Amino acid sequence: MLESVSDPLSSVVTLLKPTVSISKMVEAGGQWLVARRDMASPFYCAMVEGRCQLKVTGRDPVTLTAGDFVLIPHLQGFTMSSEVAPSPHAPHLPLETGPGQFRLGSRAASVDVRALVGHCRFDTPASDLLVSLLPEMIHVSGHSRLTALVPVIHEETRADRPGREMILERLLEVLLIEALRSGPATALPPGLLRGLSDPQLASALRCIHAEAGGALSVSDLAKEAGMSRSSFFERFRKEVGRAPLEYVTDWRMAVAKTLLRQGRLNNTEIALRVGYGSASAFGLAFMRHEGLSPGAFASKHGR
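Residues numbered from 1 in each chain as written. Predicted model: local features only at pLDDT ≥ 70, side-chain atom pairs only at ≥ 80, totals over all residues. Heavy atoms only, no water.

Another point: the packing of helix H7 (residues 218-225) against helix H8 (residues 229-240). Viewed as axis vectors pointing N to C, H7 and H8 meet at an angle of 90°, and their least axial separation amounts to 9 Å. By the angle between their axes, H7 is roughly perpendicular relative to H8. Between H7 and H8, the residues in contact are Val-218, Ser-219, Leu-221, Ala-222 and Ala-225 and Arg-229, Phe-232 and Phe-233, respectively. Of the residues in the contact of H7 with H8, the class split is six nonpolar, one polar and one charged. (Axes fitted to C-alpha atoms, helices over the stretch in contact; angles between N-to-C directions. Helix = DSSP H or I, 4+ residues; strand = E, 2+ residues; numbered from the N terminus. Parallel < 35°, antiparallel > 145°, perpendicular 65-115°, else oblique. Contact = heavy atoms within 4.5 Å. Nonpolar A, V, L, I, M, F, W, Y, C, P; charged D, E, K, R; others polar.)

Structural data, given as structure tokens:
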């Protein structure tokens, strides 16, 4: 059963249920380029050695150097290349040199770049909503805890040991939380992390995530934040990117979708867990938010 987690960042990451799909060590030398399009998957990269260029679709290119870590919660497409990219007609396919190991560039060139690259998936029907609360990209340098976690994940994906799936899920949760809280708050776009960087808004956000089934009004949340109702409303909307009760509804629906998928509670029980007095009130709210009834959603997405 889904447990209540009062820390907003932890509760979002827990609800995302991250699982590893690909983990690989990439070595490169000379001029090289790898491109991926229409991936729609979370992506992370820890630079072990050297320098390269990363160009994510819709963003300016960035230079990655040894000790850098990048997390993209929803990657659509990207290119990674040597600082001097090869000609457009040069072959771009990586060569698999061993389990989870790939080589880019000419085999005759010495290796000057090593990176641990991973793709994962979020095993939740609410992934689009939850990812929308997070930054599009986190790029940090010199965070040894992050660069230490990625090799452990890579090693665990290669092994076939008891408890592997649970270990990987917990390691990914730690990796995501560590990465998301490592970025500079001042450079973040409106969203959950920027809201959490404001101590007053953080109090209100903790209340929302801890008490999804409670009676949450703007006045109650403003009191929790120690602010006037109007000041709280405007600051919340500016920093989090949506109005307070819109955020409350979005979070309740994310929890409800997870509970519906699990199939362990009936609609009346779920309604009480997410702040609605009856199954019918919950059903109407869910239909407005999702465009289908709770029953239809459970039939489509249930386990």
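Our focus in this paragraph is the confidence of the model for the protein. Looking at the protein as a whole, the pLDDT averages 90, with 96% of positions reaching at least 70. Averaged over each element, pLDDT in the protein is lowest for strand S8 (residues 95-98) (80) and highest for H8 (97). (pLDDT = per-residue confidence, 0-100.)

For the rest of this paragraph, the subject is the sheet that holds strand S5 (residues 62-65). The sheet built from four strands is open, its strands ordered S2-S7-S4-S5 with antiparallel pairing. Looking along the sheet, the strands with just one partner apiece sit at the ends: strand S2 (33-36) and S5. Going from strand to strand, the sheet's axes swing by 20° on average, the running direction of each strand aside. The pairing of S2 with strand S7 (residues 78-81) spans four bridges and is classified as antiparallel. Note that in S7 the partner of Val-34 across the bridge is Met-80. (Pairing = 2+ DSSP bridges.)

Counting across every chain of the model gives six aromatic pairs. Taking 5.5 Å as the distance between ring centres and 55° as the angle between the ring planes, the aromatic pair formed by Phe-232 and Phe-236 counts as tilted. With a gap of four residues between them, Phe-232 and Phe-236 both fall in helix H8, about one helical turn apart. A relative accessible area of 0% means that Phe-232 is categorised as buried. Geometrically, the ring pair formed by Phe-236 and Tyr-247 is edge-to-face, given 5.8 Å between the ring centres and 80° between the ring planes. A residue pair is termed long-range when its members are at least 10 positions apart, and Phe-236 in helix H8 and Tyr-247 in helix H9 (residues 244-262) qualify at 11 residues. Exposure remark for Tyr-247: the relative accessible area of 1% places this residue in the buried category. Every member of this aromatic cluster is reached through a ring pair, and the members are Tyr-276, Phe-282, Phe-286 and Phe-297. Across from the ring centre of Phe-102, 5.2 Å away, lies the NZ or CZ of Lys-24, which sits over that ring. Taking the ring centre of Tyr-276 as reference, the NZ or CZ of Arg-252 above it sits at 5.8 Å. (Phe/Tyr/Trp six-rings, centres within 6.5 Å; stacked < 30°, edge-to-face > 60°. Buried < 20%, exposed > 50% of the residue type's maximum accessible area, 1.4 Å probe, protein only. Lys NZ or Arg CZ within 6 Å of the ring centre and 35° of its normal.)

Quick look at the nonpolar core now. The biggest cluster of nonpolar side chains holds 70 residues, and the ones touching the most others in it are Phe-69, Leu-130, Leu-175, Phe-232, Tyr-247, Trp-251 and Phe-282. Tallying contributions element by element places H9 first for this core, with nine residues. Residues contacting Phe-282, with those up to four places away along its chain left out, are Met-253, Ala-256, Leu-260, Asn-267, Ile-270, Ala-271, Val-274, Tyr-276 and Pro-294. Residues Ala-28, Val-56, Met-80 and Val-113 belong to the second largest nonpolar core, which totals 22 residues. (Core = buried A, V, L, I, M, F, W, Y, C linked by side-chain atoms within 4.5 Å.)

With that settled, the discussion passes to the pattern of salt bridges. Scanning all chains against the criterion turns up 17 salt bridges. Close ionic contact of Arg-51 with Glu-83 constitutes a salt bridge, the shortest N to O distance being 3.2 Å. In this pair, Arg-51 is assigned in strand S4 (residues 51-56) and Glu-83 in the loop between S7 and S8, connecting sequence segments 32 residues apart. Of the residues examined, Glu-83 reaches a relative accessible area of 45% and is grouped as partly exposed. Salt-bridge contacts for Arg-242 lead to Asp-250; the nearest nitrogen and oxygen are separated by 2.7 Å. (Salt bridge = Lys/Arg side-chain N within 4 Å of Asp/Glu carboxyl O.)

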